[in-house]
Structures are given as C-alpha cells and as structure tokens.
Amino acid sequence: GVTIFDTGDSYGTLDLNGRAEILLGQFERRYLEEKSSSKSMFGIGAYVSNASNKQQVATKLAPYPWRVTRGSYVKACKESLKRLEQDKLAIAQTHWSTANYNVFQEGALWEGLGDMYDEGLCEAVGVSNYGPIQLGKFSNRMKERDVPIA
C-alpha cells in the first residue's frame, strides 16, 4: 500500500492553510484504528491488518515573508507535526526558493531545515521547486552540517 505522502503547510487557502496536513493526520489515525480493529467501518480491516508500515510524510514548509529566521522555520515544522499528529517527518522541505527576491531569508531557512534535523523533527531535509544552482548550494550547506538530504 501507499506509505509515503507529500503535502505542504500552505495547502488550503486563507483560514484553511494546513488543512491538508490536518486531513492526512486524521486519515492515519483512522487507518491505524481500523487496522487494529476486527470490525471496519469501511470494510478494509481485513485488507490492512497485515500492513506494518506507518505512513511517512514529506511536508513542504512555505517560506512566507514572516518566516525570516531559522527559529520561525523550526516553529513552522512543529506546527505541521501537530496538525499531522506525527512525532517526526520523513522529509522536511522548503517549498520554493526565495533567492530571487529575499536572498537573506534563503540562508536562514536552510539553517532552519538543518536545525529541524538536529532537533530530531525529521529524518532528512529537502527542497522543492529549486533550480540546479540553488540545489547545489543547498546540498553543499547540508553536507557541511552533516544533514541528510532526500
């Protein structure tokens, strides 16, 4: 079955930001409840009872203008984990590069991703919507910090 899901804290609109993460967390809780129950509301209990893998989540954190410090990015990760009802992400990612319009934010966000790994909030880090030059710079920085990238 499917065990890895890719989402983002910006999926939803306005007051619904983070809604995809909330729904995914609720889905996993219900899935695990049904997996352990002999009775299944959806009739899938028998099919999932042998499944042992907990879902893994790769979430993308939006580099909103108010997320300008590494600490604000770590806080965003912790908020995502609460919505997802998870203790740890498989992959924490920055959703897009800010190098073309806020170069100083970019470095802080990279450091925030490294801090997430150091704090045990994720197994690895990554980026989304990056070109090859920025990807290379990001990769080099994470290697310097001994942070695994996905």
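This write-up is about the structure you can find in this document. (Residues numbered from 1 in each chain as written. Predicted model: local features only at pLDDT ≥ 70, side-chain atom pairs only at ≥ 80, totals over all residues. Heavy atoms only, no water.)

Regarding its fold elements, the protein chain presents five helices and four strands. Listing every helix and strand of the protein chain by position from the N terminus yields β-α-α-β-α-β-α-β-α. Of the contacts made within the protein chain by residues no fewer than 6 positions apart, 71% connect residues no fewer than 24 positions apart. Accessible area of the protein chain: about 8,500 Å², with a carbon and sulfur share of 55%. (Helix = DSSP H or I, 4+ residues; strand = E, 2+ residues; numbered from the N terminus. Contact = heavy atoms within 4.5 Å. Areas by Shrake-Rupley, 256 points an atom, 1.4 Å probe, with all protein chains shown as cover.)

This part covers the sheet that holds strand 3 (residues 89-94). Strands belonging to one sheet form pairs held by backbone hydrogen bonds; the direction of such a pair is parallel or antiparallel. Taking strand neighbours across the sheet as the criterion, the four strands line up as 1-2-3-4 in an open arrangement whose pairing is parallel. The outermost strands of the open sheet, each flanked by one partner alone, are strand 1 (4-8) and strand 4 (122-127). Geometrically, the sheet is characterised by an average inter-axis angle of 20° between neighbouring strands, direction not taken into account. Bridging between strand 2 (residues 56-61) and strand 3 involves four bridges; their strand directions are parallel. Considered in strand 3, the bridge of Leu61 is made with Thr94. (Pairing = 2+ DSSP bridges. Axes fitted to C-alpha atoms, helices over the stretch in contact; angles between N-to-C directions.)

This part takes up helix 4 (residues 103-118). Between its first and last C-alpha, helix 4 extends 24 Å over 16 residues, near the 22 Å set by a 1.5 Å rise per residue. Within helix 4, burial applies to Gln105, Glu106, Ala108, Leu109, Trp110, Glu111, Gly112, Leu113, Gly114, Asp115 and Met116. For helix 4, the secondary structure elements touched by its buried residues are strand 2, helix 3 (70-84), strand 3, strand 4 and helix 5 (132-145). Gly120 occupies a position one or two residues after helix 4 and carries a positive phi of about 80°. (Expected span 1.5 Å × (residues − 1). Buried < 20%, exposed > 50% of the residue type's maximum accessible area, 1.4 Å probe, protein only.)

This paragraph deals with the packing of aromatic side chains. Under the defined criterion, the tally for this structure stands at five aromatic pairs. Taking 6.1 Å as the distance between ring centres and 65° as the angle between the ring planes, the aromatic pair formed by Phe5 and Phe27 counts as edge-to-face. In this pair, Phe5 sits in strand 1 while Phe27 sits in helix 1 (residues 19-36), placing the two residues 22 residues apart along the sequence. When the centroid spacing of 4.6 Å and the interplanar angle of 20° are considered together, the rings of Tyr64 and Trp66 count as stacked. A relative accessible area of 61% means that Trp66 is categorised as exposed. Among the aromatic side chains, those forming a connected cluster through ring pairs are Phe5, Phe27 and Tyr31. (Phe/Tyr/Trp six-rings, centres within 6.5 Å; stacked < 30°, edge-to-face > 60°.)

This part is about the packing of helix 4 against helix 5. Two elements in contact, helix 4 and helix 5, have axes whose closest approach is 11 Å; the angle formed by their N-to-C orientations is 40°. Here helix 4 lies oblique to helix 5, going by the angle between them. Between helix 4 and helix 5 the crossing geometry is right-handed. On helix 5, the residues touching Glu106, Trp110, Glu111, Leu113, Gly114, Asp115 and Asp118 of helix 4 are Gln134, Lys137, Phe138, Arg141, Met142 and Arg145. Residues belonging to the contact of helix 4 with helix 5 are distributed by class as follows: four nonpolar, two polar and seven charged. (Parallel < 35°, antiparallel > 145°, perpendicular 65-115°, else oblique. Left-handed = near helix turned anticlockwise from the far one by under 90°. Nonpolar A, V, L, I, M, F, W, Y, C, P; charged D, E, K, R; others polar.)

In terms of burial, strand 3 is a largely internal element, six of the six residues being buried. Once the chain exits strand 2 it traverses helix 3 before rejoining the sheet at strand 3, and the crossover so formed is right-handed. Examined bridge by bridge, strand 3 and strand 4 share five bridges and lie parallel to one another. Residue pairing across strands places Thr94 opposite Val127, the latter belonging to strand 4. Crossover connection from strand 3 via helix 4 to parallel strand 4: handedness right-handed. (Right-handed = clockwise from strand over helix to strand, strands pointing away.)

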